[in-house]
Amino acid sequence: MIKHIGSFVAQPVFTVAAIRQIEKRLFAAERDPFAVMQRAAQMLFKHIAINWPDSQHFVIVVGGGNNGGDGLLLARLLKQAELNVLVLDCATTERRGDALKAFDLALADGVDIEPFDALRVCVGSVVVDGVLGIGARLPLDDVLCSVVDWINRAKRAGASVMAIDLPTGVDADTGYAQAYVAADITLSMVQPKIGHVLGVGSIASGRLVNESLGSNALLSAMSEEDRSSLAVASFSEQIDWFDVAQLAKHKPCPRFADSHKGRYGHVAVFGGDHGYGGAAIMASEAAAKSGAGTVALMTRGEHVAASLVRNPNVMAFDLAHERAMSLGIRKDTVVVLGPGLGREEWGEALFHRVMALSLPLVLDADGLFWLAQLSDASLPEGSVITPHLGEAARLLGWRIDDINRSPIEASAALAKQYACVVVLKGLASVIANPQGQVYIAGKSEPVLSKGGSGDVLSGMLGATLAYYKTPLEAALMAVSWHNYAAGEMAGKRGVHRAQPYDVLEYLD
Ligand SMILES: NC(=O)C1=CN([C@@H]2O[C@H](COP(=O)(O)OP(=O)(O)OC[C@H]3O[C@@H](n4cnc5c(N)ncnc54)[C@H](O)[C@@H]3O)[C@@H](O)[C@H]2O)[C@H](O)CC1
Ligand SMILES: [K+]
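Summary of the structure given here. (Residues numbered from 1 in each chain as written. Chains lettered and ligands numbered in written order. Predicted model: local features only at pLDDT ≥ 70, side-chain atom pairs only at ≥ 80, totals over all residues. Heavy atoms only, no water.)

## With respect to the layout of surface pockets
Taken as a whole, the largest pocket encloses approximately 1,100 Å³ of empty space. Around the largest pocket, the lining is made up of 40 residues, and of these Gly-64, Gly-65, Asn-66, Asn-67 and Gly-135 lie nearest the centre. For the lining of the largest pocket, the elements supplying multiple residues, two or more each, are α1 (16-29), α2 (34-51), α3 (66-80), α4 (97-108) and α5 (142-156). It is α1 that provides the largest number of residues to the lining of the largest pocket, a total of four residues. Looking at the lining of the largest pocket residue by residue, the classes come out as 19 nonpolar, 10 polar and 11 charged. As a volume, the second largest pocket reaches approximately 530 Å³. (1 Å grid on protein atoms, 1.4 Å probe; cavity = no way out; pocket = protein on both sides within 12 Å on 5 of 7 lines; lining within 4 Å. Points joined across faces, edges and corners; volume = space filled by probe spheres on them. Helix = DSSP H or I, 4+ residues; strand = E, 2+ residues; numbered from the N terminus. Nonpolar A, V, L, I, M, F, W, Y, C, P; charged D, E, K, R; others polar.)

Encoded structure:
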């Protein structure tokens, strides 16, 4: 089968360890390392002027590290521009190095620096979070929690919040957060971090802007090998990927002019025990509307008529019929197993029967429940599993909180354990393959938090798996496409009314 390979626009996101290495090289390349912090402050000033050109009153909350140093130098620039600026200092340790130098310069310039006091009323229309950046140790103690709370209260009272580098409270390596600053804009310094695009961090960051401070030039001068040793995950960049014009350019599963249905694969969706027919019907509809050449729904007899009425293009077979398997399966079949499979005997027997076919699988929902019951399971080559946090926890024998705290490690561990591609579903999804490649795709789309969204995604994934050469590509395409379409749908239909299958009307 001839396949079209989409080209991905991916932007690397970095760990703190990698940022520290880049910083080291950046400092070595500068005559005066303090110049990097000064550049950071100039960039903050620039973005303030762009975003809030009319604001006169600024409050900058600073910690004792270099994140606070950036904030102090920004305060100086605002003061020099004759704007009203107040620095609230919540440092608990003595300042050293660049942070101390920044503090002294701000003080010498007459910047108003006062100790942070939670009872103080916010006087700024823009509040800048310069409390903690990549040097944060989490969780925050009570004092820092009250600082975070103060900034968020100021926001609720009408102030805009800009975070320097990272919203305070967010783990830069995972996006995990408990108490955290909810920023309107985050100005990331040097390079974007994993925590900006994953987990709660992806929401806390608000609109993300990065200023490389000279590191882009440094990275492009590095060898590909050297550079890729720094990035542990690549983020299929929202700005490019989800931009309508860009998506039009990278349209998933494009059709060929000299087309016939055999070129787009065959998807067989297995599932739909009593009461769960909708899940399997939605998955089969999703496969069909994502462009699969042919789709078969393999289900209980009671769901056949419903499926035919809704989707006459989808073949619907009653699994109790002795020829159902031979009619619904071709040799190039991609199987979607799980939606509405259930946890009763019927689902268990069907799970084993389908696993024995050794066809590439999309394994989801209760398919993952049955997978977790096996002590030693290998999946057919080219398979993809799509667990949410709870399902991943069951498969790995970890606690859900552990998955939340280490989503990249969890997906990589699952990809190894089952020798398959893993889509760990979350606000943004982590996609990993057994070769150690990791991508983060998608962003928070609250409209997707409804029963049935996973079924639709698994059906879409069935279609992309039939279309693309590698399961990694197929997973990236399906997750990004689903997420993009959800954003379009939410805008046009509203987040309450829109149903999970409505997303399929926004794929083109
Ligand atoms: N170094 C550079 O090239 C540049 C750095 N920039 C900014 O600097 C920060 C990173 O600075 P660093 O000093 O390493 O860390 P932080 O400021 O994030 O915090 C360290 C500081 O805070 C204390 N601390 C950490 N956690 C806690 C906690 N839970 N409770 C109390 N205190 C805590 C710690 O002891 C230190 O004193 C980076 O994010 C950038 O914003 C530049 O932008 C320019 C280049
Ligand atoms: K910060």
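On we go.
## Here's the deal with the site of ligand 1
Among the 20 residues in the neighbourhood of ligand 1, the closest are listed as Asn-66, Asp-70, Gly-133, Arg-137 and Asp-165. Within the backbone of Asn-66, an N or O atom sits 2.8 Å from an oxygen atom of ligand 1. Taking Thr-93, its side chain carries an N or O atom lying 3.2 Å from an oxygen atom of ligand 1. Burial of ligand 1 by the protein amounts to 87% of the accessible area it has alone, namely 840 Å². Sorting the residues of the shell around ligand 1 by element identifies α1, α2 and α3 as the ones contributing at least two each. (Near = heavy atom within 4 Å. Polar contact = N/O pair within 3.5 Å; in protein donor to acceptor, adjacent residues only side chain to side chain. Areas by Shrake-Rupley, 256 points an atom, 1.4 Å probe, with all protein chains shown as cover.)

## Regarding the sheet that holds strand β3 (residues 84-89)
Strand pairing in a sheet relies on backbone hydrogen bonds, with the paired strands running either antiparallel or parallel. The seven strands are arranged β4-β3-β2-β5-β6-β7-β8 in an open sheet whose pairing can be described as parallel. Each of the sheet's edge strands pairs with one partner strand only, and the pair in question is β4 (112-115) and β8 (207-211). Each neighbouring strand pair of the sheet contributes to a mean axis angle of 20 degrees, computed without reference to strand direction. Relative to β4, β3 is paired through four bridges, and the arrangement is parallel. (Pairing = 2+ DSSP bridges. Axes fitted to C-alpha atoms, helices over the stretch in contact; angles between N-to-C directions.)

## Remarks on the pattern of salt bridges
Tallying each qualifying case throughout the model produces 23 salt bridges. Arg-20 serves as the salt-bridge partner of Glu-23, at 3.4 Å between the closest nitrogen and oxygen. Of this pair, Glu-23 and Arg-20 both sit in helix α1, three residues apart, which is roughly one turn of the helix. Relative accessible area serves as the criterion here: at 18%, Glu-23 is assigned to the buried category. Owing to a relative accessible area of 38%, Arg-20 belongs among the partly exposed residues under this scheme. Lys-155 is the salt-bridge partner of Asp-184, the closest N and O atoms lying 3.6 Å from each other. Here the residue Asp-184 occupies a position in the loop between β6 (160-164) and β7 (185-189), and Lys-155 occupies one in helix α5, the gap between them amounting to 29 residues. (Salt bridge = Lys/Arg side-chain N within 4 Å of Asp/Glu carboxyl O. Buried < 20%, exposed > 50% of the residue type's maximum accessible area, 1.4 Å probe, protein only.)

## Notes on the pairing of strand β2 (residues 57-62)
For a regular strand, the rule is simple: side chains alternate between the two faces of the sheet. Buried residues dominate β2, accounting for five of its six residues. The sheet contact formed by β2 and β3 spans six bridges and is parallel. Note that in β3 the partner of Ile-60 across the bridge is Val-87. On the question of chirality, the crossover connecting β2 to the parallel β3 by way of α3 is right-handed. In this structure, β2 lies alongside strand β5 (residues 126-130), joined through five bridges in parallel fashion. Within the sheet, the bridge partner assigned to Val-61 lies in β5 and is Asp-129. (Right-handed = clockwise from strand over helix to strand, strands pointing away.)

## Thoughts on the packing of helix α15 (residues 345-355) against helix α16 (residues 366-373)
The relative placement of two packed helices is expressed as an angle between their axes plus a distance between the axes. It is the contact of α15 with α16, at a shortest axis distance of 10 Å, that shows an interaxial angle of 80 degrees. When the interaxial angle is binned, α15 and α16 end up roughly perpendicular. Residue-level contacts link Gly-347, Glu-348, Phe-351 and Met-355 of α15 to Gly-367, Trp-370 and Leu-371 of α16. When its residues are assigned to classes, the contact of α15 with α16 shows four nonpolar, two polar and one charged. (Parallel < 35°, antiparallel > 145°, perpendicular 65-115°, else oblique. Contact = heavy atoms within 4.5 Å.)

Taken by themselves, the reported measurements are silent on function.
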